[in-house]
Amino acid sequence: MEPEIKHSFGILKKQGDSRCAEEALKEAVSHLQLIFQNMINAFVVFESVFDDQNRYVSFRFGYFNEAYSKIAKLELDDVLGRDVFEVWPGTEKSWLDVYRDVALTGRPKTFDMYHEPTKGLYHCNAYRPGDAPDYVCVIFEDITERDRDAKTLRESEEKYRALIETTDTGYAICDADGNVLDGNAEYVRLTGHKDLDEIRGKNILEWTARHDIKKNSLGFASCVEKGFIRDLNIDYIDEEGRATPIEINATLIETSSGPQILTLCRDITERKKAEEEKEKLRAQLNQANKMEAIGTLAGGIAHDFNNLLTSLMGYTSLIQLKMDRNNPLQQYVQQVLSASQKAADLIRSLLAFSRQQLVTLNPLDMNKTISTTKQLLKRLLTEDIELRTSLKRGDAVVMADRSQMDQILFNLATNARDAMPKGGLLFIETDIVSIDEGFREAHGFGKKGRYVLITVSDTGEGMDQTTLEKIFDPFFTTKEIGKGTGLGLATVYGIVKQHNGYITVCSEPGRGTIFRIYLPAIGAKAVDEKDRAATSVITGNETILVAEDDEDVRHFMMETLKQHGYKTVEAVDGEDAVEKFKKHKGIDLIIADSVMPKKNGREVYEEIHNINPSTRVLFISGYTKDIVLDRGIGDGEFDFVAKPLSLDTLLHKVREVLDR
Ligand code: ADP
Ligand code: MG
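Keep in mind that this is a model prediction, so the values were computed, not measured.

1. Here's the deal with the nonpolar core
- Residues Leu426, Ile454 and Ile517 are the most contacted members of the largest nonpolar core, which totals 40 residues.
- Other than its neighbours up to four places away in sequence, Ile517 contacts Ile408, Leu412, Val452, Leu453, Ile454, Val492, Val496, Tyr502 and Ile503.
- Formed by 39 residues, the second largest nonpolar core is a distinct cluster that contains Val98, Phe111, Tyr122 and Val138.

2. With respect to the site of ligand 1
- Surveying the vicinity of ligand 1 reveals 20 residues, the closest of which are Asp458, Thr477, Thr478, Lys479 and Gly486.
- Between Thr477 and ligand 1, the recorded distance is 2.5 Å, taken from a side-chain N or O atom to an oxygen atom.
- Here Lys479 contributes a side-chain N or O atom positioned 2.7 Å from an oxygen atom of ligand 1.
- If ligand 1 stood free it would expose 530 Å²; the protein chains cover 94% of that surface.
- For the shell around ligand 1, the element with the highest residue contribution is helix H13 (residues 402-419), accounting for three residues.
- Classifying every residue of the shell around ligand 1 by side-chain character gives eight nonpolar, 10 polar and two charged.

3. Things to note about the sheet that holds strand E14 (residues 424-435)
- A sheet is described by the order of its strands in space; here five strands give the open sequence E12-E14-E15-E17-E16, paired in mixed fashion. Each edge of the open sheet carries a strand with a single partner, namely strand E12 (385-390) and strand E16 (502-507). For this sheet, the mean angle separating the axes of adjacent strands, direction not counted, is 15 degrees.
- Relative to strand E17 (residues 513-520), strand E15 (residues 449-458) runs antiparallel, the two sharing eight bridges. If you follow Leu453 over to E17, its bridge partner there is Tyr518.
- Along the sheet, helix H12 (residues 366-380) makes contact with E12, E14 and E15, crossing E12 at roughly 170 degrees.
- Sheet strands in contact with helix H16 (residues 488-498) are E16 and E17, and its direction is about 140 degrees off that of E16.

4. Considerations on the domain arrangement of the protein
- Annotation of the protein at the domain level lists domain 1 (39-147), domain 2 (167-267) and domain 3 (282-332 + 536-660).
- For domain 1 versus domain 2, the separation of C-alpha centres amounts to 54 Å.

5. As for unusual backbone geometry
- Despite not being glycine, Lys73 shows a phi value in the positive range, around 55 degrees.
- Secondary-structure assignment places Lys73 in the loop between helix H2 (66-72) and helix H3 (76-79).
- Classification of Lys73 by relative accessible area gives exposed; the value is 67%.
- Positioned with a positive phi, Phe475 is a non-glycine residue whose angle comes to about 70 degrees.
- Relative to the elements of secondary structure, Phe475 occurs in the loop between helix H15 (465-468) and H16.
- For Phe475, a relative accessible area of 51% gives the class exposed.

6. Describing the packing of helix H17 (residues 551-563) against helix H21 (residues 647-659)
- Interaxial distance between H17 and H21 falls to 11 Å at its minimum, and their mutual angle equals 65 degrees. At the point where H17 passes H21, the crossing takes the right-handed sense. Contacts between H17 and H21 pair Phe556, Met557, Thr560 and Leu561 from the former with Leu647, Leu650, Leu651 and Val654 from the latter.
- Taken together, the residues of the contact of H17 with H21 sort by class into seven nonpolar, one polar and no charged.

7. Some thoughts on the confidence of the model for the protein
- Here the protein averages 85 in pLDDT, and 92% of its residues register 70 or above.
- Here residues 1-16 is modelled with pLDDT under 50, and outside its nearest four sequence neighbours on either side it reaches 17 contacts, counting other chains as well.
- Predicted confidence for residues 529-535 stays below pLDDT 50, and this span has seven contacts to residues more than four positions away or in other chains.

8. Quick notes on the side chain of Asp365
- Within the element layout of this structure, Asp365 appears in strand E11 (residues 362-365).
- Separated by 2.8 Å, the side chain of Asp365 and the backbone nitrogen of Asn367 make a polar contact.

9. What about the pattern of salt bridges?
- Scanning the entire structure with this criterion turns up 32 salt bridges.
- Among the ionic pairs, Arg271 bridges to Glu275, the shortest N-O distance being 3.9 Å. Here Glu275 and Arg271 lie together in helix H10 (residues 269-322), a separation of four residues that amounts to about one turn.
- Salt-bridge contacts for Glu542 lead to Arg655; the nearest nitrogen and oxygen are separated by 3.0 Å. Of this pair, Glu542 sits in the loop between E17 and strand E18 (543-547) while Arg655 is found in helix H21, placing the two residues 113 residues apart along the sequence.
- Given a relative accessible area of 7%, Arg655 falls into the buried group.
- The structure contains a network of salt bridges with shared partners spanning Arg161, Glu165 and Asp182.

Rules and cut-offs
- Residues numbered from 1 in each chain as written.
- Chains lettered and ligands numbered in written order.
- Predicted model: local features only at pLDDT ≥ 70, side-chain atom pairs only at ≥ 80, totals over all residues.
- Heavy atoms only, no water.
- Core = buried A, V, L, I, M, F, W, Y, C linked by side-chain atoms within 4.5 Å.
- Buried < 20%, exposed > 50% of the residue type's maximum accessible area, 1.4 Å probe, protein only.
- Contact = heavy atoms within 4.5 Å.
- Near = heavy atom within 4 Å.
- Polar contact = N/O pair within 3.5 Å; in protein donor to acceptor, adjacent residues only side chain to side chain.
- Areas by Shrake-Rupley, 256 points an atom, 1.4 Å probe, with all protein chains shown as cover.
- Helix = DSSP H or I, 4+ residues; strand = E, 2+ residues; numbered from the N terminus.
- Nonpolar A, V, L, I, M, F, W, Y, C, P; charged D, E, K, R; others polar.
- Pairing = 2+ DSSP bridges.
- Axes fitted to C-alpha atoms, helices over the stretch in contact; angles between N-to-C directions.
- Domains from an automatic or database assignment.
- Left-handed = near helix turned anticlockwise from the far one by under 90°.
- pLDDT = per-residue confidence, 0-100.
- Salt bridge = Lys/Arg side-chain N within 4 Å of Asp/Glu carboxyl O.

Here it is, written out as structure tokens:
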């Protein structure tokens, strides 16, 4: 049986004769039935139930369509006219209020309803058809699926939020003009803010560093145009002006609300630091390699040259001795000698640079050294240059070679003088500083520890970057020919390195120059320099064994010694030296070259010492790299004279050793 609508609600009543009206009504009802039956949404008509006091007490099924029948799993025939609470005993009483309200007031209601028996969620519209409170119609829209989608969307949004909030990459969404729509905490941090609300709606250029505004605008525009941008490096800046270097990758997406830019920003502070550090280290390594190579070359030349110079100077000195004082040729000989002396000085610089010069390290107070040398430095400077010193109270003691420290001060002061042709201030300071991790990070060098810092600054013309890069290279000079040798700073560099120290320079054209020298500080007290007054006696009659493989040098020494009364025994190498020592009784002193074929100086020393422990040995060396004597000379165990030998030094030293 077709379900029927009992009331037509008066809407289909037509004017006219009753037969016609009756037919029309029938037609309309069957139309309505079709309409309601085929509705996609469930449709119910509830009939209001009133008690005898006309109170709304319940509602019952008046009609429902096919769709409702399906949802509710009810047949209209079974439940028509039955109380809803009877059909669905579990129905909540609160529904009574809802329907009563609609029935009595006529105000429609919209609500979502979960229907447990069908496990469905419905969006409902309830309204009163007409003016009487007798009926309430309800249209049910099944939103179970839609709700599930919404939930899934919500979940996926939550996941995505969690994801972007956990990543350490800054993430932002902007509109096509660069105004921020959304961003994660890291992005907010990168912009120098605390809360997303502080930047939402603001333009990304607001926290772009001034120097990168153009770059970022262009990058953004190109992203809008091409659809992406990769690895754009710029600085963001916070309100206090602190810059953070970031790398941007962005992609354009089309959304329902227009094009948007998805931006990933990475903080590359650490990476940049590491790169800079690497670059610094590479530059330092290059510099060190270059210095090492030049040093080896210079040292090699200087070493051979030393032997040549020794015989040149030696024989010239002998000529001078043998010649009559009034001989007119004396002045030429003097010229040769003074030229040789200059050559010897040059060689000494080269050896210092290549760190192959023999040094005697003693605890040395740099404050005292500077105070003493100050007087000599003054003479070096022009009158319009003021020399000022500021020495740190307390011990500024380092293990150093006194003459080399003087050399450093002289070379730096000379340069300062040349840089201040119109006068100025030369300032020498000392301080005690520590090199720690922080220092290392800032400077890229330095072994941990306490250092004596010697700062030499001037108010001269300064240097540009290209000059600065080369100043420690030997023979680099900006001075006119004849004025500069280019060895001053190379020597300083070599000496500082040989003392396990560091040197830095800081200069700008027109703003003066500052050299800083760090030498490892030692706890010990400085030893007072012994007054080693040069012995005036340079002659003797003792027997001296001369062991030297270089024939010229050997002959020069023997000739010189003989001239001054000594007896000499000749040995051409280490083995020969030991043989000759055994053969000749009464040898008082052995002069031995440190490096010789067959047996080196040290081996000769040890063998002879075994035979006769009281025999004195004087070493000659131009060279520490042979390691033969390195230690022994450094700690004062051995006596030595450095090449090139000058006649005076040799004779004085021989006497000094014999008289001890
Ligand atoms: P030289 O003095 O013989 O030129 P140096 O090795 O002592 O050689 O110095 C190399 C170069 O470094 C100098 O020619 C000069 O250009 C520059 N220089 C060194 N010290 C200073 C300074 N205090 N002020 C300005 N320039 C300097
Ligand atoms: Mg110089």
